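Geometric and topological summary
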Amino acid sequence: MRYTACVTAAVQTPAQRILKTVFGYDGFRAPQGEIVEHVTAGGNALVLMPTGGGKSLCYQIPSLLRPGVGVVVSPLIALMKDQVDALRENGVRAEYLNSSLSGPDAREVERRLERGDLDLLYVAPERLLQPYMLDLLERSPVALFAVDEAHCVSQWGHDFRPEYQGLGVLARRFPGIPRVALTATADDRTQADIMAVLELDGARQFLSSFDRPNIEYRVAHKLGPKQQLLDFIRAEHGAGTREADAGIVYCLSRKSVEETARWLLAQGVQAAPYHAGLSVRERDDAQTRFIREEGLIVVATVAFGMGIDKPNVRFVAHLDLPKSMEGYYQETGRAGRDGLPSTAWMVYGLADVVNMRRMLAQSAAPEAVRRVESQKLDALLAYCESAQCRRQTLLAYFGEEYKQPCGHCDTCQSPPESWDATRAAQMALSAAIRTGNRFGAGHLIDVLHGNETERVRGLGHHALPTFGVGKAVSDRQWRGVLRQLAALGYLTTDAEGHGSLIATPKSKALLKGEQTLHLRAETEAPSREEKRERGRKGRGGAEAYSPDPLFEALRALRLRLAREQGVPPYVIFHDATLRAMSAERPRTLSALGEISGVGARKREAYGAAFLAVLNGVEVLNAEAPQPASAAEQGKAGNAAVLGVLKGESGRETTGVPSDAPPDPQVAARLRAWRLNLSREQGKPAFTILTNAVLDAVATSRPRTENQLLAVEGLGPKKVDAYGAEILRVVRGE
Ligand code: ADP
Ligand code: ZN
């Protein structure tokens, strides 16, 4: 082992050496090595790689190898700080320049740039394009320019940024400096735009597969969506336990976001809602908690996710259909950026198909736009109903051929049976037509089954030739037939929202017998037993949730260190690194340094602390209140979330009955204030004030120092030190 390592070391290139010592990784992933070599040698490049593919190293390592500063243009100002923090953790001299910096701080960064006293500099495009900045760059040693999220130059994409159009100036003002453009958005038109706008003629193009191998794709029929979701996250993602995974649950409407979040909270699952109807502060809080805490589930509309690059999102669940395959790929793509097994999970049913078709019918968009949207929806529904490998279907939509069924999506794992449904489809369509294309699934199934309900008799539908012709097919199979007919475009719905199923012109050939139709057989609902069994076994890539106490202890340590430094936990170590530590249990610093993701700087800074946990020394117990308060902080967060959900934000009260519960808003504010203070003073939060005291303050909401002194646990010394501040926090200032 050691011998092999030595041999490898002897033939290591400088790039590989940096990969190992700075980033702690053993080898490049497929195209990274080539890209690094090409750019380091001064070449221009266009890099297309899916999310999580590892684009950052493609410019970070050349920046370290070439003389001067690597200048990274990025539109996501909110992410710059985390990116820079992550680099600094690895000992890289990184800074950013954007509107969030004060004047003096920005000038200091500019001075360091000019002196070449930086390895990497992240800049917002509007800042980069200012004449003084371009002049400054001309005076400074620049190693390369990297244009991240390069698809922002394209008007065709959804992320168009006008400032990006000016970036062609780099080609003209800095002809000798290599430029690399990177994106995860693939289509030909966007690629051509990037090449043209950034004047990248002659640049080498590195195009990777868009497959996300660590994501397991699953689509199930909607039975009881919330319960299905809960079963899934409990069985496979530890929901409700200390080991819970972080995930995103997408819903279509604000209302279902709130209902789902409230329901999950009531089931003891850490969850927070996120949608455009919440205040900016509420949204920021949810986002910050998602990034800084472990195991939080954000229930959100599609407004959530842009500009979040938390690498350990372990699942993305859709309780409602996305709008298109593009949307589905992008949203599910937020799972598993770190390459560990993750799940893309979705449930959908007939009502969703009807709903989406109705929204299209009601849309005020021009006809041409509606036609495109309708085609996109059709493609998505065909994916949902596909009996083929999901991965093959998904990649085929984006023009990529995936040679063999992947073996770890749901259709590969349990191939659906299909049946010749031509006759059944004819019955269903004629039932719709003969009842006047005015009824939904329930009534149509009554007619097909020959149920003489009051409504059936009242409308005279018991006299129709289709009445009772479908007795042999179960209710569940009929629903499946109707759903698939709607998904495949043989049935549509009305614009008024009555849920009528209407036969389309496409159904003519089927009715005339000119065409046959094979449909997926509906699986019967799995029994509780089966569900439990499935949860235990796990399915393919995403492993069934099984607690790993050592990983948990490492994660708790990571969270504590992250809190102390005010950075997201994954900036300290990625999940993959903690998993490897837990599996390999290194006992010495040098063995720890062999773990993927442990570079020299992190080994020095954190090695001893992690070894103490790995060697079973109870370091965590010594400071037990920290991890405990992490859990409690989660609880306070939940209380605050419940406040948001009840519409209690900004509630103003006086005189409080003594048996009242703590005000969740005040409790959350007090905890935030204490956390800040503990960071500033560098001492554990509980030594400032305990949770019990904070809760007592949040209950009585004192307005004067005298009232403060009446709170149990608050002596004159504490009131002296913190009284004024606490009163201010209680007042919400
Ligand atoms: P992208 O920007 O393409 O979405 P990142 O650059 O953020 O991807 O990398 C995704 C993840 O993969 C990060 O956690 C990164 O540390 C990790 N990673 C990248 N390259 C390697 C490598 N060669 N070996 C191990 N991990 C890597
Ligand atoms: Zn598959």
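Residues numbered from 1 in each chain as written. Chains lettered and ligands numbered in written order. Predicted model: local features only at pLDDT ≥ 70, side-chain atom pairs only at ≥ 80, totals over all residues. Heavy atoms only, no water.

At a minimum axis distance of 10 Å, the contact between helix 2 (residues 14-21) and helix 4 (residues 56-65) shows a crossing angle of 110°. Judged on the interaxial angle alone, helix 4 and helix 2 are roughly perpendicular. Residues Pro14, Ala15, Ile18 and Leu19 of helix 2 pack against Leu57, Ile61, Leu64 and Leu65 of helix 4. Of the residues assigned to the contact of helix 2 with helix 4, the class counts are eight nonpolar, no polar and no charged. (Axes fitted to C-alpha atoms, helices over the stretch in contact; angles between N-to-C directions. Helix = DSSP H or I, 4+ residues; strand = E, 2+ residues; numbered from the N terminus. Parallel < 35°, antiparallel > 145°, perpendicular 65-115°, else oblique. Contact = heavy atoms within 4.5 Å. Nonpolar A, V, L, I, M, F, W, Y, C, P; charged D, E, K, R; others polar.)

For the rest of this paragraph, the subject is the coordination of the zinc ion (ligand 2). Binding of the zinc ion (ligand 2) to the protein goes through Cys389 (SG), Cys406 (SG), Cys409 (SG) and Cys412 (SG), at separations of 2.3 to 2.4 Å. Taken together, the four donor atoms surrounding the zinc ion (ligand 2) define angles of 101 to 120° at the centre, an arrangement classified as tetrahedral. Donor residues for the zinc ion (ligand 2) sit on one chain with the sequence pattern C-x16-C-x2-C-x2-C. Overall, Cys406 belongs to the buried group, its relative accessible area being 14%. (Donors = N, O, S within 2.8 Å, 3.2 Å for Na, K, Ca; no water. Tetrahedral: all angles 85-135°; square planar, octahedral: opposite > 155°, others 65-115°. Buried < 20%, exposed > 50% of the residue type's maximum accessible area, 1.4 Å probe, protein only.)

Another aspect to go through is the packing of aromatic side chains. As enumerated under the stated definition, the model contains 13 aromatic pairs in all. Residues Tyr397 and Phe398 carry aromatic rings whose centres are separated by 5.1 Å and whose planes lie at 90° to one another, so their mutual orientation is edge-to-face. According to the relative accessible area criterion, Tyr397 is partly exposed, its value standing at 30%. Classification of Phe398 as partly exposed rests on a relative accessible area of 36%. Judged by centre distance (6.1 Å) and plane angle (75°), the rings of Phe573 and Tyr606 are edge-to-face. (Phe/Tyr/Trp six-rings, centres within 6.5 Å; stacked < 30°, edge-to-face > 60°.)

One open sheet holds the six strands; their spatial order is 8-13-12-9-11-10, and the pairing between them is parallel. The open sheet has two free edges, formed respectively by strand 8 (215-221) and strand 10 (271-274), since each of these has just one partner strand. Averaged over all pairs of adjacent strands, the angle between their axes in this sheet comes to 15°, without regard to strand direction. The pairing of strand 12 (residues 313-318) with strand 13 (residues 342-348) spans four bridges and is parallel. Paired with Phe315 across the bridge in strand 13 is Thr343. Strands strand 8, strand 9 (246-250), strand 12 and strand 13 of the sheet are contacted by helix 14 (residues 325-332), whose axis makes an angle of about 150° with strand 12. (Pairing = 2+ DSSP bridges.)

By way of backbone hydrogen bonds, the strands of a sheet pair with one another, either parallel or antiparallel. Strand order in this open sheet of seven strands is 3-4-2-5-6-1-7, and the pairing throughout is parallel. Edge positions in the open sheet fall to strand 3 (94-97) and strand 7 (204-207), since each of these has one partner strand only. Each adjacent strand pair in this sheet contributes to an overall mean axis angle of 20°, direction not counted. When strand 1 (residues 45-48) meets strand 7, the two strands line up parallel, connected through four bridges. Bridge pairing links Leu48 to Leu207 in strand 7. Strand contacts of helix 6 (residues 103-115): strand 2 (69-73), strand 3 and strand 4 (120-123), with the helix running at about 125° to strand 3, the strand carrying the most contacts.

Turning next to helix 25 (residues 549-565). Relative to the 24 Å expected for 17 residues at 1.5 Å per residue, helix 25 spans 24 Å between its end C-alpha atoms, a close match to the ideal helical length. Most of helix 25 sits out of view: 13 of its 17 residues are buried. Phi turns positive, to about 65°, at Gly566, one or two residues after helix 25. (Expected span 1.5 Å × (residues − 1).)

Attention now goes to the pattern of salt bridges. Per the stated rule, a full pass over the model turns up 43 salt bridges. When the shortest N-O distance is used, the salt bridge between Arg601 and Glu89 registers 3.6 Å. Pair noted here: Arg601 is in helix 29 (residues 600-614) and Glu89 is in helix 5 (residues 77-89), with a separation of 512 residues, a long-range link. For Arg601, a relative accessible area of 33% gives the class partly exposed. (Salt bridge = Lys/Arg side-chain N within 4 Å of Asp/Glu carboxyl O.)

The subject of this paragraph is the site of ligand 1. Around ligand 1, the surrounding shell holds 15 residues, and the nearest of these are Tyr25, Gly52, Lys55, Ser56 and His574. Within the side chain of Ser56, an N or O atom sits 2.5 Å from an oxygen atom of ligand 1. Between an oxygen atom of ligand 1 and a side-chain N or O atom of Arg337, the distance comes to 2.9 Å. The protein chains hide 84% of the 570 Å² of surface that ligand 1 would expose on its own. (Near = heavy atom within 4 Å. Polar contact = N/O pair within 3.5 Å; in protein donor to acceptor, adjacent residues only side chain to side chain. Areas by Shrake-Rupley, 256 points an atom, 1.4 Å probe, with all protein chains shown as cover.)

Attention now moves to the packing of helix 32 (residues 664-681) against helix 36 (residues 716-731). Running from N to C, helix 32 and helix 36 cross one another at 140°; their axes reach a closest spacing of 9 Å. Taken together, helix 32 and helix 36 sit at an angle that is classed as oblique. Both helix 32 and helix 36 take part in a crossing whose hand is right-handed. Every residue of helix 36 that contacts helix 32 at Val666, Arg669, Leu670, Trp673, Leu677 and Gln681 is listed here: Tyr722, Glu725, Ile726, Arg728, Val729, Val730 and Arg731. (Left-handed = near helix turned anticlockwise from the far one by under 90°.)

In this fold, Thr492 is placed in strand 15 (residues 491-493). A relative accessible area of 25% places Thr492 in the partly exposed class. Sequence spacing of Thr492 and Arg357 is 135 residues, and the spatial spacing of their C-alpha atoms is 6.6 Å. Sequence-distant contacts of Thr492, that is, excluding residues within four places in its chain, are made with Arg357, Ser500, Leu501, Ile502 and Thr504.

With that settled, the discussion passes to the pairing of strand 4. Residues Leu120 and Tyr122 point to one face of strand 4 and Leu121 and Val123 to the other, with burial holding for every one of them. As defined by bridge partners, strand 2 adjoins strand 4 across four bridges and the pair is classed as parallel. When the sheet's bridge partners are listed, Gly70 is paired in strand 4 with Leu120. When strand 3 meets strand 4, the two strands line up parallel, connected through four bridges. Opposite Tyr96, over in strand 4, you have Tyr122 as the bridge partner.

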